[in-house]
Amino acid sequence: METNMTGESTASSTSDEPRATDVVVIDDEESICEGCRQALEADGYGTATAPDGVQGLRLVEELQPRVVLVDLKMPGMGGVEVVTKVSEVAPSVVPIIITGYGSIESAVETMRIGASDFITKPFTPEKLLGSVRHAMELTEAKAKPEVAAPAARPAAVPEAAPPSKHSLLLQGLDALGRLSSLGFRKREFLNELRALESEARERAERMGHAKDKEEIVLEMVHDLHVADGVIQKHGYSKSALIQILLDVQTELNWLPGYCLRWISARLNVPETAIYGIASFYEAFALERRGAHLVQVCTGTACHVRGAPRLLDRTSGVLGVKPGETDPEMKFTLQTVHCLGCCALGPVMVVDGNYYSDPSTRQIAKIMDACN
Amino acid sequence: MPKLKSDTDLEGLRQRILAERDPNASCVTVCSGTGCHAYGCEGVADAFVSEIQRVGLDGQVRVRRTGCHGFCERGTVVVILPEEICYLHVKPEDVPEIVSSTLMDKNVVERLAYSDANGQKIVRHGEIPFYKHQRQIVFGDNRFIDPKSIEDYLARGGYAALSKALLQMTPEQVLAAVKEANLRGRGGGGFPAGRKWETTRNAPGDPKYVIVNADEGDPGAYMDRSLLEGNPHRVIEGLIIGAYAIDSHEGYIYVRQEYPLALENSIQALETAREYGLLGENILGSGFNFDVSIHRGAGAFVSGESSALMNAIEGRVGKPRSKYVHTSEKGLWEKPTCLNNVETWANVPFIINQGADWFRGIGTENSKGTKIFSLVGKIRNTGLVEVPMGSTLREIVYDIGGGIPDGKQIKAVQTGGPSGGVLPESMLDVPVDFDELWEAGSMMGSGGMIVMDEGTCMVDTARYYIDFLAHESCGKCVPCREGLRQMLRILTDITLGKGKDGDIELLEELSAFIEDSALCALGKTAPNPVLSTISRFRDEYEAHIKDKRCPAGVCKALISYYINPDDCIACALCARDCPTDAIEKTDTAYAINQEKCTKCGACAAVCPDKAKAVVVRDAVRAEYQVVA
C-alpha cells in the first residue's frame, strides 16, 4: 500500500493520499486506546491516541484528523464536552462516541450535539471499523462543496464537454482510489456493481425488454442519488426513517427495492425493519405506479353514497382492479380512506382533479384526456 | 421582523396591524379549504384578484383566501365583508358579475345567494340556517383568516391568550383553569385534558413532550384537518400554553401525509411564529423556551393511537403497545408525554382568554364547550358544523343539515367513526354529550357524523367498517387480527346471501371476545359497528340471512337491475353507459342481459328522471323496488 512508499513519492502524490493522522482516539483506558490503534492501523488509517480530554483536544487541533473517537465517561473533561469543543477547534471532524452498555441513553444524547454514531464496549474490530468507515463517508459530505466538486469532476474535463469514454474512466479510477482510502475493498465495490447490474437485467426481462439493461441501470443510479440526497437531508438519523421513506416516495412515486437496501445500509437499519414500515403504511408503494394515479374515495360518506358502484365502473373502464396498474404503466387505480371532500361524494380523483360521481362515459373521457 | 420581546411588543404590533386595516373596507373572503379546492376555489380567487385589478378597485378591496368555512356542500363559498354577503357555488365565470354588481354598485347577485325550501333568498352569512343554528367558537375565526398570514390571526386577537398565560399566570394557574373548565379530549375518548396535563407535569422524567395528534384516520371526518389547515396558529397557541403548564420544551405536530395543505400551512405557521419570537427561546420575554417540529404520518388508522403514534415519531412502525403505564407518564422516548387532539389544543386559548367559568357556561353537566362535527352522507348540507354540547342530533340533522335529500326517509345517524355505533331515527333526540352518546350505544368519537337513509344497508355498513378495521389492524394481537378477519368473513357471507342461522349469535360471541382481549382501543372498540347494527337493525340481518334479500337494495349478490319495459323511453343512455355492454335493444325498449351485468348501477344513475325505468329488484323474489 501507499504507506510503504518513500517520502518523496508521498509528497508528490497530493490529496488522494490518506493524511498522516486519520483518527484520534481519546479514552482514559489505555487498553482501549491501544486496541483501537492496532485495529485502525491494520486497516490503513493513521491513528493517534490521548488519555484524556484536554490532551485529546490539543491533538485534534494540531493534527486535524477526519474522525475522532471519544470515550463518554472520562475523569476531568467528559465526552460530551470534548465533542462540543471538537466542533470548535476542528469543524470538519466527525466524532464517534465510545460508551459502556449502561449509558446508551446519554450516548444518544451526544448524537444530538453532533456525534455521528456510538459504539458500546466491548466492541469487535469489525464494529469499530464499520463505524469509522461510515464516519469517513460523512467527512466527505461535511467537506465544503467547492473542495468536493473539483474532486468529483477532474479539472481536465471542462464542464460543458460531453462525457467521453476516457473522462468517465478517469472518474471511475478516481472513485476507486478514494474508496480504497476509506478502507473499502475493490472486490466489495465490484460486487455491488454486479448486484445492481443483475437486478437491472432481471427487471429488463420482466418488462419484456421494453427498455434495455443499461437504461435501467441509469434509472437505478438516478434513484439511488435521489435516495441518498434525502438521507443526507435528514442527517443520517435513524429516527427519521419514516420521513426519509416518505420523501423518497414523493420524489420517485414508489419505493424501489434497491433504494430500500441503500437506505438500510446508509442508516445501518436492518432491511426487515425497513420493509416492516414500508409495507405497514398505506402511503408507500412497493410496486412501480402508472403515470396517472386514479383514486376512488372509499370513506364512509362516499361509501353510503355509492362508492362501491363508482369503483366498479372505474375498474371496468380501466380494466384493472384496485391496487393494480395496467400493463402499459399508464394508470394505477387506488382506493383511499377519505379525501375530506364528502360533499362531492362519491368522488374520484385523477392526478389531483376531483370528479363527483362520474358516469361510465365520463370516466372514459377523463382517462382519454390523460396523456 | 424583529422578535416580539414582551406583551407590549405584541400589543403594539397588533395595534399597528389594526390601524392599517379599515374595518369598513370591502374584503372578499374565498373559502380555500380542501373541500373547496376540489371545486376549484383557486380559480375563483384568482379571478377576483384579476377582475378587481381590471376595474381599478385594487387597493380598496382585499381578496383573502381563508380557511374552510364549513359549508362544503355549496363550495366554492365566497363571503363579502363587511356586509357579510354570502355567495354559494361560485365559479370563476361568476366573478365579473359579483365585482360589478356587489363591489361597485352594492347590489346583491340573487342567483348566487342561498335559497331556502320555499325559494326565499337569504343573503347574509349568519342568517343562512346552516350557520344560524351553529355556535362557531373554535371554528369561528377560520373564515376571517388567511392561514398563511400571522397578521390576520393577530388582528383577530391571536396570541393574546399566550401572552396572558406566560406573563400573568403561573403554570399551576393555567393547569387549574383547564381543569376547572373541564375540557375533555376531542379525539374520541373524552378524557379530561387537565388531568392528563397534570399527570404529565407530575410524572418523573425529563424532558417532557407535548404532541398535537392530527392523524385523523376516521374515514368521513375532516374537522381536525380543517382546523389545522385553516387556523394553524390557534392550534400552536394552545400547544404552547399547554407546554407551559406541563413544563415541556419540545413539541410535535403529527400530521397525515394525505393532508398536504394542513402540512404546508402548519409548517409555514411554525416558521412565522419562530420568526416573531412566539416559539423558541424566552418567548415574549417570559423566560419560557419551547419549539415544535412536524412529523408526517404515512397513513394508518391505528397510528392515531397514542402509543402507536409515539412509536412512529421514534422512527419505528406505528403499532400500539400495551399501556400498563400511560403515555402521559412514559411516552415518547420513555419520557412523560402529553398527547391531545387538534381540536382539544385549539380550545385552550379560549379558556385562558375568557376564563373557565365562561367555558363551563356552554354545554351540559359533564360535557363542556362546543364540538365540531363533520356532517356527511345522505344529508342535504354536507359540511363541518360546530354546536354547543347538549344540542340534539335532530337539531344537527334537520336545522343545520337541512334533512335528507331526494325525499328519502332517514334511517340512522352513525357517530364515532369505526369505533362508534348507529343511532336509529327514534333516538335522534339524544343530545351531543360524551356520556349520553355512550349510553345510547354510540360514542362522541372525534366528530364523524354520517347520516344514512333508507337506501343504506346496515349489514353492508357493518361489513364496511369491519373490512376497514381488519385492513387497518396492525396484526400485533391475535384477537383483533384473527377475530376481525372471521367477523369479516361472516358478514361478507351474509351480504352474499350465504348467511346461516346462528351467524348473528356467532358475531355477538366473537365481538364480546375481541372487546375483552384486544390490546388497544382499535381492537377493543372494533366490534361496535356490528353490535350496534345488530341491536338496532336485527331485522335487516335476518332478511339477509333468512329471506336472502337486502331491503335497502345495496348488496349486489341479492339484487338485480331490471329495466321496466313500460317505463323505458328507449333513450339508449343506459346502453351507452354500461361498461360491460350488458344492455341490449328489444323491440320498443332496452333490456339487461343478466349474464353480463356486473351490477355497477351505471344504468340506474343515468336513467332520466322522467322515465326512472331502471329499478332494483330482489334477486330471489320478483318484488320491485326503486333504486335508492
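Everything numeric here is computed off the predicted structure, so don't read it as measured data.

Asks: Would you explain the overall build of chain A in this entry?
Replies: Scanning chain A for helices and strands turns up 16 helices and 9 strands. Taking the intrachain contacts of chain A between residues at least 6 apart in sequence as the baseline, contacts between residues at least 24 apart amount to 60%.

Asks: I tried to follow the overall build of chain B on my own but got confused; where do I start?
Replies: Scanning chain B for helices and strands turns up 24 helices and 20 strands. Rg of the C-alpha trace for chain B: 26 Å, near the compact-globule value of 25 Å for 628 residues, within the 12% margin. Dimensions along the principal axes, computed over C-alpha positions, put chain B at roughly 85 × 65 × 40 Å. When burial is assessed residue by residue, chain B has 56% of its 628 residues classed as buried. A separation threshold of at least 6 residues defines the contact pool for chain B, and within that pool the share at least 24 residues apart is 71%.

Asks: Explain the sheet that holds strand β10 (residues 337-341) of chain B to me, please; I cannot follow it from the model alone.
Replies: Within a sheet, each strand pairs with its neighbour through backbone hydrogen bonds, oriented either parallel or antiparallel. Residues and elements named next belong to chain B. If you trace the 4 strands from one edge of the open sheet to the other, you get β9-β8-β7-β10, paired in parallel fashion. Unpaired on one side and paired on the other, β9 (291-297) and β10 mark the two borders of the sheet. Shown here is a sheet whose adjacent strand axes are inclined to one another by a mean of 20°, direction ignored. Sheet analysis places strand β7 (residues 209-214) next to strand β8 (residues 250-256), joined by 6 bridges and oriented parallel. Counted as the bridge partner of Tyr209 is Glu250 from β8. The strands touched by helix α14 (residues 342-360) within the sheet are β7 and β10, with β10 carrying the most contacts at an inclination of about 95°.

Asks: Explanation requested: unusual backbone geometry in the structure shown.
Replies: Peptide bonds are mostly trans, and most non-glycine residues show a negative phi. The amide bond that connects A:Gly345 to the next residue, A:Pro346, takes the cis arrangement and shows omega of -5°. Within the element layout of this structure, A:Pro346 appears in the loop between β7 (331-336) and β8 (347-350). Of note, the bond from B:Gly75 into B:Thr76 is cis; its omega dihedral lies within 30 degrees of zero at -5°. The topology assignment puts B:Thr76 in the loop between β2 (62-66) and β3 (78-81). Even without being glycine, A:Met329 reaches a positive phi, approximately 60°. Looking at where A:Met329 falls in the secondary structure, it is placed in the loop between α15 (307-318) and β7.

Asks: Could you clarify how one ought to interpret the pairing of strand β12 (residues 383-388) of chain B in this entry?
Replies: On a regular strand, one side chain projects to one face of the sheet and the next to the other, so that they alternate. All names here are of chain B. Here β12 lies mainly inside the structure; 5 of its 6 residues are buried. Of the pairings in the sheet, the one linking strand β11 (residues 370-377) to β12 comprises 6 bridges and is antiparallel in character. Note on β12: the bridge partner recorded for Ser374 is Leu384. With antiparallel pairing between neighbouring strands as the criterion, β11 and β12 make up a hairpin whose turn holds 5 residues.

Asks: Just to check I follow, could you spell out helix α7 (residues 160-168) of chain B for this structure?
Replies: Because each turn of an α-helix spans 3.6 residues, side chains separated by three or four positions in sequence point in the same direction. Restricting attention to buried positions, one finds in α7(B) the residues B:Ala161, B:Leu162, B:Ser163, B:Ala165 and B:Leu166. Taken together, the buried residues of α7(B) touch α1 (7-20), α8 (171-181), α11 (232-246) and α14 of chain B.

Asks: What is the right way to look at the interface of chain A and chain B in this model?
Replies: Interface size is commonly expressed as the accessible surface area that is lost when the partners come together. Contacts between chain A and chain B engage 37 residues on the former and 41 residues on the latter. For the side of chain A that touches chain B, the secondary-structure elements that each account for two or more residues are α11 (241-252), α13 (271-280), α14 (300-304), α15 and α16 (360-368) of chain A. The element contributing the most residues to the side of chain A that touches chain B is α15(A), with 5 residues. Taken together, the residues of the side of chain A that touches chain B break down into 18 nonpolar, 12 polar and 7 charged.

Asks: In this structure, what is going on with the sheet that holds strand β4 (residues 85-87) of chain B? I would like to understand it.
Replies: All names here are of chain B. As summarised here, the arrangement of the 4 strands in space is β2-β1-β3-β4, forming an open sheet in which the pairing is mixed. Looking at strand neighbours, the two that pair on one side only are β2 and β4, the edges of this open sheet. Strand after strand, the sheet turns through a mean of 20° between neighbouring axes, direction not considered. Relative to β4, β3 is paired through 3 bridges, and the arrangement is antiparallel. Pairing of Val79 across the sheet is with Cys86, part of β4.

Asks: Is there a simple way to explain the packing of helix α3 (residues 53-63) of chain A against helix α4 (residues 79-89) of chain A in this structure?
Replies: Angle between the axes and distance between the axes: these two values describe a pair of packed helices. Residue and element names in this part refer to chain A. Contact pair α3 / α4: the axes reach a minimum separation of 10 Å and the direction vectors enclose 20°. On the basis of their axis angle, the class for α3 and α4 is roughly parallel. As α3 packs across α4, the resulting crossing turns out to be right-handed. Note on element contacts: α4 touches α3 through Glu81, Val82, Lys85, Val86 and Val89, opposite Gly53, Gly56, Leu57, Val60 and Glu61. Partitioning the contact of α3 with α4 into residue classes produces 5 nonpolar, 2 polar and 3 charged.

Asks: Any chance you could explain the domain arrangement of chain B here in plain terms?
Replies: Residue and element names in this part refer to chain B. When cut into domains, chain B gives domain 1 (21-132), domain 2 (158-359), domain 3 (370-453), domain 4 (458-546) and domain 5 (556-625). Put simply, the middle of domain 1 and the middle of domain 2, counted by C-alpha atoms, are 34 Å apart. Taken together, the contact between domain 1 and domain 2 spans 4 residues of the former and 6 residues of the latter. Of the residues in the side of domain 1 that touches domain 2, the class split is 1 nonpolar, 3 polar and no charged.

Asks: Would you take a moment to explain the pairing of strand β4 (residues 94-99) of chain A for this structure?
Replies: Residue and element names in this part refer to chain A. Burial of β4 is extensive: 6 of the 6 residues sit out of reach of the surface. By the alternation rule, side chains of β4 split into Val94, Ile96 and Ile98 and Pro95, Ile97 and Thr99, which are all buried. Bridge count for strand β3 (residues 67-71) against β4 is 5 bridges, and the pairing is parallel. Pairing of Val67 across the sheet is with Val94, part of β4.

Asks: Can you walk me through the nonpolar core in this structure?
Replies: Where a protein is soluble and globular, its nonpolar side chains tend to be buried together. Counting residues in hydrophobic clusters, the biggest one holds 239 residues, and the most contacted among them are A:Leu245, B:Val178, B:Ile241 and B:Ile466. With residues near it in sequence (within four places) discarded, A:Leu245 still touches A:Leu255, A:Ile277, A:Ala278 and A:Phe284. Residues A:Val24, A:Tyr45, A:Val86 and A:Ala90 belong to the second largest nonpolar core, which totals 34 residues.

Asks: Which parts of the structure should I look at to understand the confidence of the model for chain B?
Replies: Interpretation of this model should avoid reading the predicted coordinates in detail wherever pLDDT is low. Mean pLDDT over chain B: 91, with 99% of residues reaching 70 or higher. Both scores are available for the predicted complex, with the pTM at 0.78 and the ipTM at 0.87.

Asks: What is the right way to read α4(A) from this model?
Replies: Within α4(A) the residues assigned to the buried category are A:Gly79, A:Val82, A:Val83 and A:Val86. One side of α4(A) holds all its buried residues, which, seen down the axis, span an arc of 100°.

Asks: Is there a simple way to explain the packing of α7(B) against α11(B) in this structure?
Replies: Residues and elements named next belong to chain B. It is the contact of α7 with α11, at a shortest axis distance of 9 Å, that shows an interaxial angle of 10°. Considering the angle they form, α7 stands roughly parallel to α11. Judged by residue contacts, Ala161, Leu162, Ala165 and Leu166 of α7 engage Glu237, Ile240, Ile241 and Tyr244 from α11. For the contact of α7 with α11, the class distribution of residues is 7 nonpolar, no polar and 1 charged.

About the thresholds
Along each chain, the written sequence defines residue order, and numbers are assigned to residues from 1. Chain labels run from A onward and ligand labels from 1 onward, assigned in the order the entries are written. Local features are withheld for residues below a pLDDT of 70 in this predicted model, meaning they are given only at 70 or higher, and side-chain atom pairs are given and counted only at 80 or more; totals for whole chains, interfaces and linings count all residues. Numbered from the N terminus, helices here are DSSP runs of H or I no shorter than four residues, and strands are runs of E no shorter than two. Two residues form a contact once the distance between their C-beta atoms, set from the backbone, is within 7 Å. Computation of the radius of gyration draws on C-alpha atoms, with the globule rule given as 2.2 Å multiplied by the number of residues to the power 0.38. Three exposure classes are used, all based on how many other C-beta atoms lie within 10 Å of a residue's own C-beta (placed from the backbone): buried at 20 or more, exposed at 12 or fewer, and partly exposed between those limits. One bridge is not enough; two strands pair if DSSP finds at least two bridges between them. Only the contacting stretch of a helix is used when fitting its axis, a line to C-alpha atoms as for every element, and angles between N-to-C directions run 0 to 180 degrees. Residue polarity is assigned by list, with Asp, Glu, Lys and Arg as charged and Ala, Val, Leu, Ile, Met, Phe, Trp, Tyr, Cys and Pro as nonpolar; anything else, Gly included, falls into the polar class. Between 65 and 115 degrees an angle is taken as roughly perpendicular, under 35 as roughly parallel, over 145 as roughly antiparallel, and anywhere else as oblique. Handedness of each helix crossing follows the sense of rotation of the near helix against the far helix: counterclockwise by less than a right angle gives left-handed, clockwise gives right-handed. As annotated, the domain borders come from an automatic or database domain assignment. Under the definition applied here, buried Ala, Val, Leu, Ile, Met, Phe, Trp, Tyr and Cys residues are grouped into a nonpolar core through C-beta atoms within 7 Å. You can read pLDDT as the predictor saying how much it trusts each residue, on a scale of 0 to 100. The arc under discussion is defined with respect to the helix axis, by the directions toward the C-beta atoms.

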